Amino acid sequence: MDDVPWPRQRAVAAQPWGEHERGEPCRVGGRTGGGGEGDTGRPDPSAAAGRRGRRGDPRDGLGRRRRGRRPGRRRRSRHPATTGETSWAVPAERPRPLHDPDPYSTPPYGEPGPWAPAPPVQHPAATPAHGTALSAPTAAPPTPMPTPAATAHAPAPVPSTPAPHVPAPAPAPIASVPHGTAPADPVPQVTDPWGRYDPWAAASAKEQASARGPLQQTGEGVPTEKQRKRSARRVLFAWTLVVALFSAGVGGVAGAYVQREGLGGDVRLPQAGSVPAGRAPDSVAGIAARALPSVVTLHVRGADEAGTGTGFVLDTAGHILTNNHVVEPAGTGGEISVTFSTGDTVKAKVVGRDSGYDLAVVQVRGVHGLTPLPLGNSDDVQVGDPVVAIGAPFDLANTVTSGIISAKERPITAGGGKSDGSDVSYVDALQTDAPINPGNSGGPLLDSRAQVIGINSAIRSAGSGSEADGGQAGSIGLGFAIPVNQAKRVAEELINDGRATHPVIGVTLDMGYTGDGARIDSQSAGGGPAVTRGGPGERAGLRAGDVITEVGGERVHSGEELIVKIRAHRPGDRLRLTVERDGGEREVSLVLGASEQN
C-alpha cells in the first residue's frame, strides 16, 4: 500500500472487510474502486460499471450475466494463485457490527451497520442582506491533478481517524445570454414558496416572514398581527351587538309578561317626576316664599289671659304691625314675645295702640337683617283679585291660605266688651274668602305682587255675630281685613306720636235709630248739645234730628256705617253729606276734625 497516497490508504483501511460480497470492489493495483474516483477526486467511468455490480443488478461490473446463487449461501472467494485474477483481501473473521441490526430498515441509511453512507453535510455560504442585487456566480477553477511523481514520493502520514468525505457544492448554472443583449436581473424566480426561507440568512425566520410576506400552503398571504387584531375586534363587536339585541328582546318580553301577570315583589305605585324648584312670582308659592321671612308670630301673656296672633315687619328698625286685640291682654305689665319664621324668638314692647282702628305697633331690638313687607294701595283693589293670607291659626305658625277679594268697603264693628263702647272698632273692611281663623289676627293680606293690601282682623262665624277672631270660632269663608291705606296712616301716628287721631264731624248719633240713615241725637251722652259747639258739624249747619243718608255720594243705612265711612278718611279731609230735614234733602260740605278719643 506504499504506492497509494495516505488519504486513500486511510480510506481503504477504514473500509471493513467483506464489502465485496455486496459488489463493492476492493483495492486493485494500488487504486481503490469503492468510490469510483481516483486520487484527483474526479469520477471514474469504470466505477459506474462497478457500481452496477451491486446487489439487485443481474449483471456484473463488466456487463456479463451473473450466476444465480441460492439464498443464504455464501459465495467463496477465489484464490489469486489459482484464478490468476486480481487478489482480493479475505478477512479471517467478519467483524461484528457496533450495534444491533435495525429490524425496520430505517431510511435513509438503508440496512443497519456502521458502513451506511453518511448524509451529505451542507456548508452554508454568507447570504447578502435583503434587497441586495446578486451577481452572476462564476465557475470554480479546476483543481490541479497531482502528478504521479508527487504521488509516488509523498510521505506516508500516520494513520488516524478517517474524516468524512465532503463533496464540493456544484456551481449554479449560468444562463447563456445572446451576444449584444444586456443581462437580465440575476435574481432567480422562486416558484417554491418554501424557497423564500433561507436558514442561513442573518435575519431570523420571523423577520424574513414579515419582510417577504409569509405564505400558506395555498399560496395566500398570512394576515399580519394588526389585521388579526382588527378582525378579532370586529368579531367581538358583532357578537356583543348580537348578545345585546337578544338580551333586550328577551328582557322586554319577560318584563311585559311580568307586568301583565302582576308577578314580582312588592307593589310600587307610580309617582310623578320632580318639578323645578322655582315658582312663578305671582303664584301662591312665589308670594309665600317672598313674604314668609317678614311675617312673625306673637305670643302675649298678661295677668288674666294669654293669646296668640300674627304681625309683619314694617321697617328695619324693628317695628311690627298687628291688631290691638292681640296685644291688649298684655296691658301695662304683660309680656310679648315675637318669633320669626327662622325660629328665633325675641322680646317686644308696645309702641302704641288704638282700639278704634284695632291696630297696634310693637318693636323688637337687637335684630339685624329684617326684611320689611312692601305696602300696597288698597284703593286699587278690585273684587275678584286673588289674595294670600299668612298667619298662625291656632298657633300654627307660617300658615298660608289663598282666596279672592269678595267685597270692598264692608262696614264692620268689632269689640264692644266695655259698657261705654270705648273698645269698639269701626272698620271699612275688605272682605275675603281666604280662610282666616283665630291666630290670623294682625297677619298680612297680600295681593299677587306680594304687597300688603290689608290686615286680617275679623271673621264671621256661624251662630255668632261679627266678632274679632280672638274667639275660638272657625272660618266659614267670611274674613275681613283693615285696608292698608287706613292702617298705614294709623301706624305712622302710633310710631311717631304713640297715639292715633280719629276724624270726626262733631255730632252725637242716635245708635238706636232703626230708620234708613244715621240720625243726629237730641243731646250728647253727658246731657249737652248733640252738635258740638264750634265743631265741623255746627259750622256746616247740621242740627239735632237731621238724618244723614249719603257720604260722598255713597248711601248710608245706619249710624255704624256713617262712622266707618268717616274713619276711612283723614282729619282735615272735606266731605259732602246729603241730609234729610223736615221731609226735604240738602247737601252740606264740611272739613273733618280730629279727636283722640274713640
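### Some remarks on the side chain of serine 294
So, point 1. Mapping serine 294 onto the fold places it in the loop between helix 7 (284-291) and strand 1 (295-301).
So, point 2. Apart from the residues lying within four places of it in its own chain, the contact partners of serine 294 are Gly311, Phe312, Val313, Thr371, Pro372 and Leu373.

### Looking at the environment of glycine 498
So, point 1. Structurally, the position occupied by glycine 498 is in the loop between helix 9 (484-497) and strand 14 (502-504).
So, point 2. Residues glycine 498 and valine 350, spaced 148 residues apart in sequence, show a C-alpha to C-alpha distance of 9.3 Å.
So, point 3. Ignoring anything within four residues of it in the chain, the contact list for glycine 498 reads Val351, Gly352, Arg353 and Glu493.

### Some words on the sheet that holds strand 4 (residues 335-339)
So, point 1. Taking strand neighbours around the barrel as the criterion, the 6 strands line up as 1-2-3-6-5-4 in a closed arrangement whose pairing is antiparallel. Each strand of the sheet is rotated relative to its neighbour by a mean of 40°, with strand direction disregarded.
So, point 2. Sheet topology note: the strand 1/strand 4 ladder contains 5 bridges and is antiparallel. The residue of strand 4 that forms the bridge with threonine 297 is threonine 339.

### Description of the nonpolar core
So, point 1. Core analysis: the biggest nonpolar cluster contains 28 residues, and Phe312, Leu321, Leu359, Leu373 and Leu446 have the highest contact counts within it.
So, point 2. Counting only elements with at least two residues in this core, the list comes to helix 7, strand 6 (359-363), strand 7 (386-391), strand 9 (425-432), strand 11 (452-460), strand 13 (479-483) and helix 9.
So, point 3. With sequence-adjacent residues up to four places away left out, leucine 446 is seen in contact with Ile287, Ala291, Leu373, Pro386, Val387, Val388, Ile390, Gln451, Val452 and Ile453.

### Things to note about the side chain of aspartate 428
So, point 1. Take aspartate 428: it is sitting in strand 9.
So, point 2. Buried charge aspartate 428 goes without a salt bridge, the closest partner of opposite sign being lysine 565 at 4.3 Å.
So, point 3. Aside from chain neighbours lying at most four places away, what touches aspartate 428 is Glu409, Arg410, Pro411, Pro483, Val564, Lys565 and Ala568.

### Comments concerning the pairing of strand 7
So, point 1. Counting buried positions along strand 7 gives 5 out of 6 residues, so the element sits mostly inside the fold.
So, point 2. By the bridge criterion, 2 bridges tie strand 7 to strand 10 (residues 444-446) in an arrangement that is antiparallel. Each bridged residue has a counterpart across the sheet, and for alanine 389 the counterpart in strand 10 is leucine 445.

### Points about helix 9
So, point 1. With 14 residues, helix 9 ought to run about 20 Å at 1.5 Å a step, and its terminal C-alpha atoms sit 19 Å apart, in line with that.
So, point 2. Considered for burial, the residues of helix 9 that qualify are Val484, Gln486, Ala487, Arg489, Val490, Ala491, Glu493 and Leu494.
So, point 3. Just beyond helix 9, the residue with positive phi is glycine 498, at close to 85°.

### Quick look at the confidence of the model for the protein chain
So, point 1. Taken residue by residue, the protein chain gives an average pLDDT of 74. The fraction at 70 or more is 59%.
So, point 2. Here helix 4 (residues 148-153) stands out as the element of the protein chain with the lowest mean pLDDT, 41, in contrast to strand 10, whose mean of 97 is the highest.
So, point 3. Across residues 1-57 the pLDDT falls below 50, and counting only partners more than four positions away or on other chains, this stretch makes 94 contacts in the model.
So, point 4. For the stretch residues 76-87, pLDDT sits under 50, and the model shows 8 contacts to residues farther than four places along the chain or on other chains.

### A look at the pattern of salt bridges
So, point 1. According to the stated counting rule, one finds 11 salt bridges in the structure shown.
So, point 2. One salt bridge in this structure joins glutamate 493 and arginine 489, with 3.3 Å as the shortest N-O distance. Highlighted residues: glutamate 493 and arginine 489, both in helix 9, separated by 4 residues, approximately one helical turn.
So, point 3. Overall, the relative accessible area of 16% leaves glutamate 493 in the buried class.
So, point 4. For arginine 489, a relative accessible area of 4% translates into the label buried.
So, point 5. Where aspartate 546 meets arginine 581, a salt bridge forms, and the shortest distance between an N and an O atom there is 2.7 Å. Here the residue aspartate 546 occupies a position in the loop between helix 10 (536-540) and strand 16 (547-551), and arginine 581 occupies one in strand 18 (residues 574-581), the gap between them amounting to 35 residues. Both residues of the pair, aspartate 546 and arginine 581, count as buried.

### Focus: the pairing of strand 9
Side-chain direction in a regular strand flips from residue to residue, so the side chains alternate between the two faces of the sheet.
So, point 1. Counted residue by residue, strand 9 has 8 buried out of 8 residues, so it is predominantly covered.
So, point 2. Both faces of strand 9 are covered, namely the face carrying Ser425, Val427, Ala429 and Gln431 and the face carrying Tyr426, Asp428, Leu430 and Thr432.
So, point 3. One ladder, built from 7 bridges, connects strand 8 (residues 399-414) with strand 9; its direction is antiparallel. Each bridged residue has a counterpart across the sheet, and for proline 411 the counterpart in strand 9 is aspartate 428.
So, point 4. Where strand 9 lies against strand 13, 3 bridges are found, and the strand directions are antiparallel. Following the sheet pairing, glutamine 431 is matched in strand 13 by phenylalanine 480.

Rules of the game
Residues numbered from 1 in each chain as written. Predicted model: local features only at pLDDT ≥ 70, side-chain atom pairs only at ≥ 80, totals over all residues. Heavy atoms only, no water. Helix = DSSP H or I, 4+ residues; strand = E, 2+ residues; numbered from the N terminus. Contact = heavy atoms within 4.5 Å. Pairing = 2+ DSSP bridges. Axes fitted to C-alpha atoms, helices over the stretch in contact; angles between N-to-C directions. Core = buried A, V, L, I, M, F, W, Y, C linked by side-chain atoms within 4.5 Å. Buried < 20%, exposed > 50% of the residue type's maximum accessible area, 1.4 Å probe, protein only. Lys, Arg positive; Asp, Glu negative; His and termini not counted. Salt bridge = Lys/Arg side-chain N within 4 Å of Asp/Glu carboxyl O. Expected span 1.5 Å × (residues − 1). pLDDT = per-residue confidence, 0-100.

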